[in-house]
Amino acid sequence: MSKGEVHVVHLYPREMSIYGDLGNTRALSTRLTRHGYTPVVHNHHPGAVFPEQAHLVLGGGGQDSGQARVEADLEAIGPRLTELAAGGTPMLMICGMYQLFGNAFVTVDGKRLPGLGLLDVTTQGNPKRMIGPVVMSTDFGDVVGYENHSGSTRLAGGQAAFGRVRSGFGNNGEDGTEGARTGNVFGTYLHGPIIPANPRFADALLAYAVPLATGAAFRPGELDDTFADEARTRQVARLVG
Amino acid sequence: MPAMSMPNWMEPLVPDRVRMPRPAALRGQSVAGDRRSTFAAGLRAVRTSAAIAAGKAARAAAKRRGGGSALPGLVAERMDPGILGHALGSLPGGNVVVTGTNGKTTTTRMLVALLRAHGRTVFTNPTGSNFTRGVISALLGEIGVRGRLSADTAVLELDEAHALKFAAAVTPTHALLLNVARDQLDRFAEIDHTAGLLADLAARTSTGVVLNRDDSFVARIEGTLADSVRIGRFGLDASIADRLGELQEQDTRADDDFVVSPPDADDVLLRPRDERRFDIVVGPDGSGGLVGPVELKQRGLAAMINATAATAMARQLLGATFDAGVAATALAGVTAPFGRGEVIDIDGTPLELVLVKNPAGFTVALSTYGTTPVATMIAINDNYADGRDVSWLYDVSFESLRSAGVALTSGVRAYDMALRLQYDDVPVAAVEPDLGAALDRFLAGHVGVPTRIFCTYTAMMTLRRILAARYDLPAFGEEGG
């Protein structure tokens, strides 16, 4: 018998998921099933009504043309996302969506594009791309992934990072921070996709989502994460020795 | 170490500077003003000859070392940047650029075979060295020191960026634009950018452009072209239109969803009969003529589409002299390029090596290869030539492997591949990152059973080298990369 339904919303799968980030949603959905829950995945497209139930919200990276196409909708659903975040709904925003969850994106020629402001970060357009594999330490142990961004992100004074870079560029290649975390809202530049190879982080998100969905604490099943652990520890060994 | 052919998009390893003696003819010359233009023309010819001689010498040296590299092309290019235009700019049958993300090598090979079967003398860059200096290296073997090429048509495979670089040196008379897919984001960063490169190339083409009507990035180029340029189109017949989804990248540049327009009477369309045989028809009802049935040596839907693209361009180039029977025979005789559905005989049992490098290619390979029962191994490396980011594996569906399972995953990212399969509920019997050990285990465990290895570029190079040493295979450098 199912331990309960969990509603997962993927924001803009068409416009903002070009680097395999849909893999995060599929992997979390599969993990929910394997833990004994029933996932209900909603693909939210620009202009559509935001799903009534949302216990976990995900978003990915896109090209500039994709970002431009979701801005109006993101502004429209912004109040709902803010309310969900305040209620503890876990959110995982990768790359382009991470930038849009920040205060603003400042283009190379100085134009300021406002973001949702759920994370207290500001991103500056940059002629140089930061590309390569990443290892960082987080509250969920070592997390591995792959970054590919030209935006350079700075955290405001009180904003917590998601991780400390052990190998790679992270937010800006200078201050050693990667991503941002406020409550259960996470922003990060890591593709990979990030969820499959980092199951401890994956299950942490589920542990935040399940009580909102079912009213009871997350009761994980027995999952075999041998492949994920091997894949991750081998990347860590290759990159930081 | 055996010479290795370059992957399409990898910079050849060449020294920053190649020191060549300055030709005596260029030293200490001074001339009177009235003779300057004659002298300039003379100097031009001398420089070209000197560049060709130097390039030929470098080419001979490279051959002695057992390599077919782009270095000779670099030598000649440094000495005379005009060498390409000189040799290729005025061929009577024109010069054709074949470009796009997937299928360049196969399509070029097929187009060359089609033209040669119709009696054309064709120059091409067969080593898969699809940078401009690779073209020059190939040229050096075929031209006299005056820079004249005896061929009447050139067919050149160029990657998207180098196609434009080439067009800056020589105006292409024809361009065949295959597709735009995510590939090597490390290098091109965004597919919108790649689409822009192809549009620029088409704009610089003088006579005729053949477009993939099913690919929104390519099909949309048609609206930007001058009326004087002849447009040809190729694509899928309505009978297999349901396969479009797996072949298409999401185009987020425009408000409207891309809808493939109904085919014109002159569009060249692929109509498969079964897994191996197909017809190429002209116009929606096939009324404009028919090539086929054709059975290619190379397997898979991708190869059938490449054959359709090559036929569309051959038809445009040959006009009334195009002969459907000659075309069918020519296509059937084309051998698979290195690693594109190549079949190796392992003591009487076939082993297929299938190169995978991006989501569209892997998805098509799985769906066209997946129906015959075989044992499967998947080898994933993440070197520069493979694509360092393995995220793309999550944009491929592996469900077709679920019932048979995968015998082994291998390569540097063997565990990441096993993890990916695990999320699609595909059983993985074993993981062995070492390619040699994995190959031994795979073949030993499947004696007498047909086998297939999907592999990224550098994994394929390693596996091919091991197999070449054991079985009688053509050496590296004889085939395109």
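Residues numbered from 1 in each chain as written. Chains lettered and ligands numbered in written order. Predicted model: local features only at pLDDT ≥ 70, side-chain atom pairs only at ≥ 80, totals over all residues.

**Looking at the overall build of chain B**
Along chain B, the regular secondary structure elements total 16 helices and 15 strands. The 481 residues of chain B split such that 53% are buried. (Helix = DSSP H or I, 4+ residues; strand = E, 2+ residues; numbered from the N terminus. Buried ≥ 20, exposed ≤ 12 C-beta atoms within 10 Å, placed from the backbone.)

**A short note on the overall build of chain A**
Scanning chain A from terminus to terminus reveals 6 helices and 14 strands. Relative to its length of 241 residues, chain A is compact, with a C-alpha radius of gyration of 17 Å against a globular reference of 18 Å. Across its three principal axes, chain A shows a C-alpha extent of roughly 55 × 45 × 30 Å. Relative to its full complement of 241 residues, chain A shows a buried share of 50%. (Rg over C-alpha atoms; globule rule 2.2 N^0.38 Å.)

**As for the pairing of strand E14 (residues 185–188) of chain A**
Both faces of the sheet carry side chains from a regular strand, because those side chains alternate between them. Residue and element names in this part refer to chain A. On E14, burial covers both faces: Val185 and Gly187 on one face and Phe186 and Thr188 on the other are all buried. Of the pairings in the sheet, the one linking strand E4 (residues 91–94) to E14 comprises 4 bridges and is parallel in character. Bridging from a neighbouring strand, methionine 91 pairs with valine 185 of E14. One ladder, built from 3 bridges, connects strand E13 (residues 180–182) with E14; its direction is antiparallel. The partner of alanine 180 across the bridge, within E14, is glycine 187. The loop that links E13 with its antiparallel partner E14 comprises 2 residues; one of these, glycine 183, has a positive phi angle of about 60°. (Pairing = 2+ DSSP bridges.)

**A closer look at the interface of chain A and chain B**
One frequent convention defines the size of an interface as the accessible area lost when the parts assemble. Contact residues are listed per partner, giving 30 residues for chain A and 21 residues for chain B. Those elements that provide at least two residues to the side of chain A that touches chain B are helix H1 (22–34), helix H2 (64–86), strand E8 (130–138), strand E9 (141–149), helix H4 (194–197) and helix H6 (226–240) of chain A. For the side of chain A that touches chain B, a count of residues per class yields 13 nonpolar, 10 polar and 7 charged. (Contact = placed C-beta atoms within 7 Å. Nonpolar A, V, L, I, M, F, W, Y, C, P; charged D, E, K, R; others polar.)

**Description of the sheet that holds strand E3 (residues 56–59) of chain A**
Strand-to-strand pairing in sheets goes through backbone hydrogen bonds, with the strands running parallel or antiparallel. Residues and elements named next belong to chain A. On the basis of which strands lie adjacent, the open sheet formed by 6 strands has the order E2-E1-E3-E4-E14-E13 and mixed pairing. Of all strands in the sheet, those bounded by a partner on one side alone are strand E2 (38–44) and E13. On average, each strand axis in the sheet is inclined to that of its neighbour by 15°, with strand direction left out of account. Examined bridge by bridge, E3 and E4 share 3 bridges and lie parallel to one another. By the bridge assignment for E4, glycine 59 is matched with methionine 93. Sitting on the sheet, H1 touches strand E1 (5–11), E2, E3 and E4, and the angle it makes with E1 is about 175°. (Axes fitted to C-alpha atoms, helices over the stretch in contact; angles between N-to-C directions.)

**Section: H1 of chain A**
Residues and elements named next belong to chain A. With 13 residues, H1 should reach 18 Å at 1.5 Å per residue; the first-to-last C-alpha distance of 18 Å fits that figure. Among the residues of H1, those classed as buried are Gly23, Asn24, Thr25, Arg26, Ala27, Leu28, Ser29, Arg31 and Leu32. Glycine 36 sits one or two positions beyond H1 and adopts a positive phi of about 100°. (Expected span 1.5 Å × (residues − 1).)

**Quick notes on unusual backbone geometry**
Omega for the peptide link from glycine 192 of chain A to proline 193 of chain A comes to -15°, which places this bond in the cis form. For proline 193 of chain A, the location among the structural elements is in the loop between E14 and H4. Look at the link from glycine 292 of chain B to proline 293 of chain B: it is a cis peptide, with omega at 5°. In this fold, proline 293 of chain B is placed in strand E9 (residues 290–295). The phi angle at cysteine 95 of chain A is positive, at roughly 50°, despite the residue not being glycine. Its location among the elements puts cysteine 95 of chain A in the loop between E4 and helix H3 (96–100). Cysteine 95 of chain A gets classed as buried once you count the C-beta atoms within 10 Å, which come to 26. Of note, the phi angle at aspartate 347 of chain B is positive, near 45°, even though the residue is not glycine.

**Some thoughts on the confidence of the model for chain B**
Residues and elements named next belong to chain B. Averaged over all residues, the pLDDT of chain B equals 79, while 72% of them reach at least 70. Segment residues 184–188 is flagged for pLDDT under 50; beyond a separation of four residues in sequence, or across chains, it makes 11 contacts in the model. A low-confidence stretch, residues 476–481 stays under pLDDT 50, and its non-local contacts, those more than four residues away or across chains, total 25 contacts. Overall fold confidence for the complex sits at a pTM of 0.73, while the interface term, ipTM, reaches 0.97. (pLDDT = per-residue confidence, 0-100.)

**Description of the environment of glutamate 160 of chain B**
Mapped onto the secondary structure, glutamate 160 of chain B falls in helix H6 (residues 160–169). Exposure remark for glutamate 160 of chain B: the 26 C-beta atoms within 10 Å place this residue in the buried category.

**Some details on the sheet that holds strand E12 (residues 177–178) of chain A**
Residue and element names in this part refer to chain A. One open sheet holds the 4 strands; their spatial order is E9-E8-E11-E12, and the pairing between them is antiparallel. Of all the strands in the sheet, the pair left with one neighbour each is E9 and E12. As defined by bridge partners, E8 adjoins E9 across 9 bridges and the pair is classed as antiparallel. Across the sheet, glycine 132 pairs through a bridge with glutamate 147, a residue of E9.

**Examining the nonpolar core**
All names here are of chain B. Core analysis: the largest hydrophobic core is formed by 186 residues, its most contacted members being Leu111, Leu114, Leu177, Met313, Leu331, Ala379 and Cys455. The dominant element in this core, judged by the number of residues it contributes, is helix H11 (residues 301–318), at 12 residues. Here this core spans two domains, since at least three of its residues come from each of domain 2 (83–332) and domain 3 (340–470). If we ignore the near neighbours within four places in the chain, the residues touching leucine 114 are Ala310, Thr311, Ala314, Ala327, Ala330 and Leu331. (Core = buried A, V, L, I, M, F, W, Y, C linked by C-beta atoms within 7 Å. Domains from an automatic or database assignment.)

**As for H6 of chain B**
For an α-helix the count is 3.6 residues per turn, leaving residues at separations of three or four pointing the same way. All buried positions along H6 of chain B are accounted for by Glu160, His162, Ala163, Phe166 and Ala167 of chain B. The buried residues of H6 of chain B all sit within an arc of 160° when viewed along its axis, so they share a single face. (Arc of directions from axis to C-beta.)

**Structural notes on the environment of alanine 314 of chain B**
Along the polypeptide, alanine 314 of chain B turns up in helix H11. With sequence-adjacent residues up to four places away left out, alanine 314 of chain B is seen in contact with Leu111, Leu114, Leu115, Phe322 and Ala327 of chain B.

**Here's the deal with the packing of helix H4 (residues 104–117) of chain B against helix H12 (residues 324–332) of chain B**
Geometry of a packed helix pair, given as the angle between the helix axes and the separation of the axes. Residue and element names in this part refer to chain B. As a packed pair, H4 and H12 sit with axes 9 Å apart at the nearest point and diverge in direction by 135°. Accordingly, the angle class assigned to the pair H4 and H12 is oblique. Judged by the twist between their axes, the crossing of H4 over H12 is right-handed. Of the residues in H12, those in contact with Met110, Ala113, Leu114 and Ala117 of H4 are Val326, Ala327, Thr329, Ala330 and Leu331. (Parallel < 35°, antiparallel > 145°, perpendicular 65-115°, else oblique. Left-handed = near helix turned anticlockwise from the far one by under 90°.)

**Quick look at the environment of leucine 81 of chain A**
Residues and elements named next belong to chain A. When you line up the elements, leucine 81 lands in helix H2. Residues leucine 81 and leucine 118, 37 residues apart in the sequence, show an inter-C-alpha distance of 8.6 Å. What leucine 81 contacts, discounting residues up to four positions off in sequence, is Val57, Leu116 and Leu118.

**Re the pairing of strand E13 (residues 406–410) of chain B**
Residue and element names in this part refer to chain B. Among the 5 residues that make up E13, 5 are buried, leaving the element largely enclosed by the rest of the structure. As paired elements, strand E12 (residues 375–379) and E13 share 3 bridges and run parallel to each other. Bridge pairing links methionine 377 to leucine 408 in E13. Sheet topology places E13 next to strand E14 (residues 428–432); 4 bridges connect them, and they run parallel. Looking at E14, one finds that leucine 408 is bridged to alanine 430.

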